[in-house]
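Each chain is listed here by its residues.
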Amino acid sequence: MAASEDSNTLFPIFIFSILALPLVPYTIFQLYHLATKKAKIAKCQCSVCLQSGKYHKSIFRRISNFSTYSNLTLLMLWVIMVLLAYHIKSSSHEVEIFEPFSILGLEHGATDSEIKKAYRRLSIQYHPDKNPDPEAHNYFVEYISKAYQALTDPISRENFEKYGHPDGRQGLQMGIALPQFLLNIDGTSGAVNLLGIVGICIIMPLVMAVMYLSRSSKYTGNYVLKHTLSAYFYLMKPSLAPSKVMDVFIKAAEYMEIPVRRSDGEPLQRLFVLVRSELNLDLKNIKQEQAKFWKQHPALVKTELLVQAQLTRESGCLTPSLQRDFRRILEVAPRLLEELMKMAVLQRPPHGHGWLRPAIGVVELSQCIIQGVPLSARKPVGGSVEGIAPFLQLPHFSEAVLKKLARKKIRTFEDFRDLTQQDRFDLLTKTAGFSPLQSQDIETVLETLPSITFDIKCETEGEEAIQEGDIVTMRGWVTLNRSNHKIRSLPHCPNYPFHKEENFWLLLADPTSNSVWISQKVSFMDESAALIAAPKVIRESKEWAGATPKELNLAVKEAVEKVRNGSRLVIGRFLAPEEGTYNLTLFCLSDSWLGCDTKMSLKLKVLKRSRAGMRGGVAVVEEGVEDGGEEEEVEEDELYDDDESEYSEDEEDVEHEVVDDDDVNDDDEDNDNDEDKKEN
């Protein structure tokens, strides 16, 4: 019976331990992540974002944000742990050690006469004939009599003095951490218990594992269906224009699974009339184009119209059922666009390069979806290659306001940003007719706009020149600056109803050949990860170069300081192509902001590899950032004359030639060096 009681006590302790081992560290990690996230990420404080309700901290929104499956499961497990702790505390009992000397009030080594005297004294106090109290009677029988017998019997006393127990040496008592009903196997109950154990311990885990594997096998690590990746891979083309990226984007398997109801027909017809100008239909054959549009797969028609509703900000006319589908489409859009971007820059044979034109189109579509700006607004207008799209992301702006600003010769977004704060305030209040509060909202958003600067170099490690077939390393820092001096900040996007963090795509590309040599996603949101990665890379590179400990520590401290000031270390490698001079462009494209993209020209000179394998030439690398210094026109292929891309026009880049001379001339290598110079 004692063993069964111990088993009943051990089983809750066993379950409590199994729950506590993963639950406690996971909870600590979640609380730390939540605390650091809330403390450091800044949100847009303009009146439009506040009125949108995205960041409204009402009790209902807090409950809805908390009521996720993971949070509810975590809360339920903690409730179970609290109940188990209470049950263990209430059912546990302290193990009493039998001490006959202390029961009789004697010291160890007392004589027989002293034991008898103590027994008589306690008998007068607790004997049933002297004391009618039932508790006194139980105490006398259970303790006093047994203690007297243990000390007066020679064998019992010897066992107690030798082993600490009147019965002699005691064996190790062990219990089983299972409930008692599982241990009482008798007749048919044994079969029931066996089936229960098999079902709970074997069948149920197997069923859950099969369900999890069957579901997870359909998705990638970014929670995108594998069918979507397959479709994007085959639909992605090197000459895909930005205006055609939409046709590939909407063919995601996630969107094809959204049901098309009969009740959606009439609302979609009304929405079609509102967004028809954005569907790239041929106006000469408008009837045929409309019929062709509606003959597509119903899921494709529905998805494209709902995406256009976001771009044109016409979602207010949707029915409640379409509103749910609309939110579902926007919720998964950033993940799908990221995977579509990876398909565009995927290294493909024969040179192992991605495609620049569709990559730019994906970024442009992402910017328009997040900001709720039509793709047609990106067409060059009035001398601005970006069109009016960057203006429309600002609060309170419209095409009518832009016409008023054009009278004051404000035609580009850069012209508007370059104004002083006072001049901009006067322009908005006097010319555009904005109130001071509206002007302050615009100023708040302008202070949040990111500005990217580069410090990038391409070189072959350990060598001064770049020859054919070398592994070229692109290494440097990308720095983010804002007028409000904040690094981690959410973009201003009141028309996008979900939490969105800004990311940047760094592309080293050759616009002439439409090839992307290096692609990398850069995020300034996770500072802790950058503080770990950047010093590690700097330390390894310095150790490889043979730096002293003092130089090593100084370089690591400098890297940490750069990360904290808003810089991120980027590293990429590519194989040096054939001999020649390549006019490359380094793009940094934002997936959330319009008009904040930056690019820099890089001229890479690749030398022909000498027969002896020695380097007898120099590599010329020219770097220049837009809008500064002397200007030269960079010729681009006619393939990029699509006016819908802000990067399709010929740009003027600044190029500064930096020549690295090789002064090492050995007598044994003069002939080879002379040949290299003739060829170059």
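Here is what the cut-offs are and how they apply
Residues numbered from 1 in each chain as written. Predicted model: local features only at pLDDT ≥ 70, side-chain atom pairs only at ≥ 80, totals over all residues. Heavy atoms only, no water. Helix = DSSP H or I, 4+ residues; strand = E, 2+ residues; numbered from the N terminus. Buried < 20%, exposed > 50% of the residue type's maximum accessible area, 1.4 Å probe, protein only. Contact = heavy atoms within 4.5 Å. Areas by Shrake-Rupley, 256 points an atom, 1.4 Å probe, with all protein chains shown as cover. UniProt positions renumbered as here; feature names shortened; annotations may be inferred. Axes fitted to C-alpha atoms, helices over the stretch in contact; angles between N-to-C directions. Parallel < 35°, antiparallel > 145°, perpendicular 65-115°, else oblique. Left-handed = near helix turned anticlockwise from the far one by under 90°. Nonpolar A, V, L, I, M, F, W, Y, C, P; charged D, E, K, R; others polar. pLDDT = per-residue confidence, 0-100. Arc of directions from axis to C-beta. Pairing = 2+ DSSP bridges.

Concerning the overall build of the protein chain
- In terms of helices and strands, the protein chain carries 26 helices and 12 strands.
- Split into buried and exposed, the 680 residues of the protein chain put 41% on the buried side.
- Counted over contacts in the protein chain with a minimum sequence separation of 6, partners at least 24 positions apart contribute 69%.
- Summing over all exposed atoms, the protein chain offers an accessible surface of approximately 38,800 Å²; the carbon and sulfur share of this is 55%.

Here's the deal with the UniProt feature "transmembrane region" (unreviewed entry) in the protein chain
- The UniProt record annotates "transmembrane region" (unreviewed entry) at residues 12-32, 66-88 and 191-213.
- Taken end to end, residues 12-32 has its terminal C-alpha atoms 29 Å apart, with 100% of it in helix and 0% in strand.

A few points about the packing of helix α11 (residues 226-235) against helix α17 (residues 320-344)
- Taken N-terminus to C-terminus, the directions of α11 and α17 make an angle of 40°; their axes are 9 Å apart at the nearest point. Taken together, α11 and α17 sit at an angle that is classed as oblique. In this structure, α11 meets α17 at a crossing whose hand is right-handed. Here T228, L229, Y232 and F233 of α11 lie close against α17, whose contacting residues are L336, E339, L340 and M343.
- Of the residues in the contact of α11 with α17, the class split is 6 nonpolar, 1 polar and 1 charged.

So, the confidence of the model for the protein chain
- Summarising the model, the protein chain shows a mean pLDDT of 80, and 79% of its residues fall at 70 or more.
- In the model, residues 612-680 has pLDDT below 50 throughout and makes 145 contacts with residues more than four positions away in sequence or in other chains.

Description of helix α22 (residues 421-431)
- Within α22, the full set of buried residues consists of R424, L427 and L428. On an axial view of α22, the arc spanned by its buried residues comes to 90°, and they lie on one face.
- Against α20 (399-406), α21 (413-418) and α23 (436-448) lie the buried residues of α22.
- Following α22 by one or two positions, G433 adopts a phi angle in the positive range, close to 80°.

Focus: the environment of I518
- Looking at the element boundaries, I518 is found in strand β5 (residues 515-522).
- Owing to a relative accessible area of 7%, I518 belongs among the buried residues under this scheme.
- Residues I518 and L506, 12 residues apart in the sequence, show an inter-C-alpha distance of 7.9 Å.
- Excluding anything up to four places from it in sequence, I518 contacts M474, L506, L507, L508, G572, R573 and F574.

Overview of unusual backbone geometry
- Cis geometry is adopted by the peptide bond preceding P350, which originates at P349 and carries an omega value of 5°.
- Mapping P350 onto the fold places it in the loop between α17 and β1 (354-355).
- At K409, a position not held by glycine, the phi torsion is positive, near 65°.
- Note that K409 resides in the loop between α20 and α21.
- Even without glycine at this site, H485 takes up a positive phi of about 65°.
- Along the chain, H485 turns up in the loop between β3 (471-481) and β4 (504-510).
- Since its relative accessible area comes to 72%, H485 is described here as exposed.

Some thoughts on the packing of α17 against helix α18 (residues 356-371)
- At a minimum axis separation of 9 Å, α17 and α18 run at an interaxial angle of 165°. As summarised for this structure, α17 and α18 are arranged roughly antiparallel, according to the angle between their axes. Along this stretch, α17 crosses α18, giving a crossing that reads as left-handed. In this structure, α17 uses L330, L337, L340, M341 and A344 to contact α18, whose residues at the interface are P358, A359, V362, V363, L365, S366 and I369.
- Taken together, the residues that form the contact of α17 with α18 break down as 11 nonpolar, 1 polar and no charged.

So, the pairing of strand β8 (residues 598-606)
- In terms of residue burial, β8 counts as a mostly covered element, since 7 of its 9 residues are buried.
- Looking at chain direction, strand β7 (residues 580-590) and β8 are connected through 9 bridges and run antiparallel. Counted as the bridge partner of N583 is K603 from β8.

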